[in-house]
Amino acid sequence: MFTRKLRIAALVAASLFGMGAAQATDITGAGSSFVYPVISKWSAKYAEATGNKLNYQSVGSGAGIAQIKEGTIDFGASDAPMSSEDLTKFGLGQFPSVVGGIVPVVNLQGVQAGQLKLTGAVLADIYLGKIAKWDDPAITALNPGLKIPSNKITVVHRSDGSGTSFNFTNYLSKVSPEWASKVKFGTAVEWPAGVGGKGNEGVSQYVRQIPGSIGYVEYAYAKKNSISFAQMQNAAGKWVQPNAETFGAAAGTADWASAKDFNVIMTNAPGDQAWPITATTWIIMYKKSKNPSHTKVAFDFFKWSLEKGQADASSLDYVALPATLVQKIEGYWASDFGNK
Amino acid sequence: MHATVSNAVPSAERAAEAARNAKDTRDDRIFAWILKGCALIVLLALVGAAGSTLWLGSDAFHTFGFGFLTSAAWDPSNDQYGALVPIMGTIGTAFIALLFAVPVSFGIALFLTEIAPQWLRGPVSSAIELLAGIPSIIYGMWGLFIFAPFVAEHIKPWLMNNFSADPPDGQVSWLVTHVPGIAKFFSSEYPFFGAGVLTAGLVLAVMIIPFISSVMREVFQTVPTRLKESAYALGSSTWEVVWDIVVPYTRTAVIGGVFLGLGRALGETMAVAFVLGNTFKFSLSFLETSSSIASTIANQFGEAQGLQRSALMALAFLLFVVTFIVLLIARLMLRRLATKEGK
């Protein structure tokens, strides 16, 4: 009788502990909308594989940084890197997660995707409003043999603060001194010309509706909505088309080696094959977490995503980080976060 | 109720009655307190929201002072902000919305209460209520995908051909050459682009018609049949009955309904963000793109930090001020009308 009771008690205890061990941990992150599609796909796959759930709120990079500073989430995601001073001040660390491309899109009758050639300087002059017509010599000189209509150029930009705008304006200020001094770069700027569409969706719709317009969207959007994008001349002087290889080449040739805390904006990357407007999103986490079990799962998730999430990323037209960068990130985890 | 107590009543009964009286007064007092509390919640919410936007926006008000109201700059990279364009855009779109929504709502309400056959009133009324229930993002998408291209193709070219100094067909109309200043209201930097103040105003009009027309319908139904039938008996036409009996009888409530719709138009966010074009260039033209207070906040709040966030909060406070001023004007108009009554 007594032994039986004891046995039941032991069983109950064992099952309780067993449950405790298998209990899934729910972690939360917030920030950039640029990575939202791929993180939500990863988290579904990851939950299948490990049972740990991840809840990601796509609230914008600024809000993501604000929330991680408050400590209300396990990781933040931002399209603009935080400075090393800021990171140290709050005890945070950051690393890139996935790469994507931003492409100039145009609505020009008779011009197919990838046909129109633009240099950074010309693109900047268009966005400054200095080049106002499509048959401007600056454009026709780059495109001998391409029949370009003489339309007026209508510039379309993002009306909402966004990482896409951040990287696009960052590129323009790298290639145009005038842009760098007049407009500068940021998630939102005072646009010298044009109209503002809300989100990638708004910009691509406006570009489709206005003949002779030019805009910029994430590559996946241009591809999905079959809007014709332009090819660009990169920092090495080569003409490149936007695709997974050229985005990967930009990520591979950006100057990660000399950067502290991966604080590199990889626009205008030097490689021969590099797409000039390539972007990443930084994941921001506490170095000494208040909630170690959550942080452990978060690390596990990003390790899993770097190693096993590549196919999912490329199915959504993102590009996984190059192997050398992955190694560097894992080294950073070990040295700065004490996570192996 | 139990006040009349005669001397013949035994004292026990009298005591019971006194106790009941005391309980009644106490219950009444509690009830009054609860009601007062309900009303106070509204006041508290209002003061709290206005106060916190003022508090969070104080940084911007301090930095720019009065110039915040008159500056057309919105430059996050150099931290220069001004509220002029968003305020103009807000008022402009709401004005156009009212211009179209009020007459149409008036027609709908009159049709439903005076002219429509009984079997039609039910379905049309429910259709209007359904329209009121559509979320604003749906209107935004509809505006972006369907209505803005329609405006660009059909409405805007016609308006520009007839009223602007730079018409697409190249022929400046007689009106423009003879009426100075009119072209200023119909110029457009992007003639083939549908989004703008007019488009946003028209989308807003569709959004507020259900509110205004259902209020109007309700109050038109309160007009005593006696009055209307007397007028008909004296030989009035339907129009005379409407204009001389129904409208004067319900004037105050009708204007109240109009301002309910105006309130919604001033604060509408998502729909406007999609069809206004979101630019910060000062212009008087109805065909030009612009920004509204609510759409600017919705667009930029997620990524805003520091002074930019404060400027957005200051904008939110200004929306309170604009709405308050508009309501004040409405009250004054009502008082004016009231003094004229019976003359």
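In this text, all values refer to a predicted model and were calculated from it rather than measured experimentally.

Trainee: Report on the overall build of chain B, specifying residues and quantitative values.
Mentor: In terms of helices and strands, chain B carries twelve helices and two strands. Counting helices and strands in the order they occur from the N terminus, chain B gives α-α-β-β-α-α-α-α-α-α-α-α-α-α. Overall size of chain B, expressed as C-alpha extent along the three principal axes, is 100 × 65 × 40 Å. Summarising the internal contacts of chain B: among those between residues at least 6 apart in sequence, 71% fall at separations of at least 24. Total accessible area computed for chain B in this model is approximately 18300 Å², and 69% of it derives from carbon and sulfur atoms. A distance of 10 Å separates the average location of the 21 positive side-chain charges in chain B from that of its 22 negative side-chain charges.

Trainee: Go over the interface of chain B and chain A with me, naming the residues and quoting the values.
Mentor: Counting from both sides, the interface comprises 33 residues of chain B and, opposite them, 34 residues of chain A. Between the two partners, chain B and chain A, sit zero salt bridges. Scanning the region where chain B abuts chain A turns up 14 residue pairs in polar contact (both at pLDDT 80 or more). Secondary-structure elements contributing two or more residues to the side of chain B that touches chain A are β1 (74–75), α5 (136–163), α10 (270–275) and α11 (293–300) of chain B. Top element by residues in the side of chain B that touches chain A is α5(B). It accounts for five residues.

Trainee: Could you give an account of the UniProt feature "domain: ABC transmembrane type-1" (unreviewed entry) in chain B, with specific residues and numbers?
Mentor: Sites flagged by UniProt as "domain: ABC transmembrane type-1" (unreviewed entry) map to residues 87–330 of chain B. The straight-line gap between the two end C-alpha atoms of residues 87–330 of chain B is 19 Å; of that span, 74% is helix and 0% is strand.

Trainee: Run through the domain arrangement of chain A, naming residues and quoting values.
Mentor: One frequently used descriptor of interface size is the decrease in accessible area upon assembly of the parts. Residues and elements named next belong to chain A. If you check the domain split of chain A, you get domain 1 (26–99 + 279–337) and domain 2 (101–252). Here domain 1 and domain 2 have C-alpha centroids that lie 29 Å from each other. At the boundary of domain 1 with domain 2, total buried surface from both sides reaches about 1100 Å², with 66% on carbon and sulfur atoms. If you sort the residues of domain 1 by the area they bury against domain 2, F34, D317 and V319 come out on top, with a joint share of 43%. Among the salt bridges present, the one from K223 reaches D317, with a minimum N-O distance of 3.0 Å. Summed over the shared surface of domain 1 and domain 2, the number is two residue pairs in polar contact (both at pLDDT 80 or more). For the side of domain 1 that touches domain 2, a count of residues per class yields eight nonpolar, no polar and two charged.

Trainee: I'd like a rundown of the packing of aromatic side chains, residues and numbers included.
Mentor: In the structure shown here, the tally under the stated rule is 39 aromatic pairs over all chains. Their ring planes at 80° and their centres at 6.1 Å tell us that B:F61 and B:F317 sit as a pair that is edge-to-face. Here B:F317 lies in helix α12 (residues 306–340) and B:F61 lies in helix α1 (residues 11–64), a separation of 256 residues in the sequence. Residue class for B:F61 comes out partly exposed when judged on its relative accessible area of 21%. Over the ring of A:F262 we find A:K328, and its NZ or CZ is 4.9 Å from the ring centre.

Trainee: How would you sum up the environment of A:L108? Please name residues and give values.
Mentor: Residues and elements named next belong to chain A. By secondary structure assignment, the location of L108 is in the loop between β4 (92–106) and β5 (117–118). On the accessibility criterion, L108 (5% relative accessible area) is buried. Taking the C-alpha atoms as reference points, L108 and I153, separated by 45 residues in sequence, lie 9.7 Å from one another. Setting aside residues up to four positions removed in sequence, L108 forms contacts with L116, W134, I148, P149 and G212.

Trainee: So what's going on with the pairing of strand β1 (residues 26–31) of chain A? Residues and values would help.
Mentor: Residues and elements named next belong to chain A. Both β1 and strand β2 (residues 53–57) contribute to a ladder of five bridges, which runs parallel. In the sheet register, A30 faces β2, and the bridge partner there is Q57. At this point the chain moves from β1, through helix α2 (residues 36–50), to the parallel β2, and the crossover so formed is right-handed. With three bridges connecting them, β1 and strand β3 (residues 75–78) associate as parallel partners. Bridged to G31 within β3 is A77.

Trainee: Could you give an account of the sheet that holds β5(A), with specific residues and numbers?
Mentor: Residues and elements named next belong to chain A. If you walk across this open sheet you meet the three strands as β5-β10-β11, and the pairing is mixed. Edge strands, defined here as strands with exactly one partner in the open sheet, are β5 and β11 (239–240). Of the pairings in the sheet, the one linking β5 to strand β10 (residues 231–233) comprises two bridges and is parallel in character. Considered in β10, the bridge of L118 is made with M232.

Trainee: For the confidence of the model for chain B, give the residues involved together with the corresponding values.
Mentor: Interpretation of this model should avoid reading the predicted coordinates in detail wherever pLDDT is low. Per-residue confidence for chain B gives a mean pLDDT of 88; residues scoring 70 or more make up 97%. Interface confidence for the predicted complex, expressed as ipTM, amounts to 0.77; the pTM equals 0.83.

Conventions used here
Residues numbered from 1 in each chain as written. Chains lettered and ligands numbered in written order. Predicted model: local features only at pLDDT ≥ 70, side-chain atom pairs only at ≥ 80, totals over all residues. Heavy atoms only, no water. Helix = DSSP H or I, 4+ residues; strand = E, 2+ residues; numbered from the N terminus. Contact = heavy atoms within 4.5 Å. Areas by Shrake-Rupley, 256 points an atom, 1.4 Å probe, with all protein chains shown as cover. Lys, Arg positive; Asp, Glu negative; His and termini not counted. Charge placed at Lys NZ, Arg CZ, Asp CG, Glu CD. Salt bridge = Lys/Arg side-chain N within 4 Å of Asp/Glu carboxyl O. Polar contact = N/O pair within 3.5 Å; in protein donor to acceptor, adjacent residues only side chain to side chain. UniProt positions renumbered as here; feature names shortened; annotations may be inferred. Domains from an automatic or database assignment. Buried area = accessible area lost by both parts, 1.4 Å probe. Nonpolar A, V, L, I, M, F, W, Y, C, P; charged D, E, K, R; others polar. Phe/Tyr/Trp six-rings, centres within 6.5 Å; stacked < 30°, edge-to-face > 60°. Buried < 20%, exposed > 50% of the residue type's maximum accessible area, 1.4 Å probe, protein only. Lys NZ or Arg CZ within 6 Å of the ring centre and 35° of its normal. Pairing = 2+ DSSP bridges. Right-handed = clockwise from strand over helix to strand, strands pointing away. pLDDT = per-residue confidence, 0-100.

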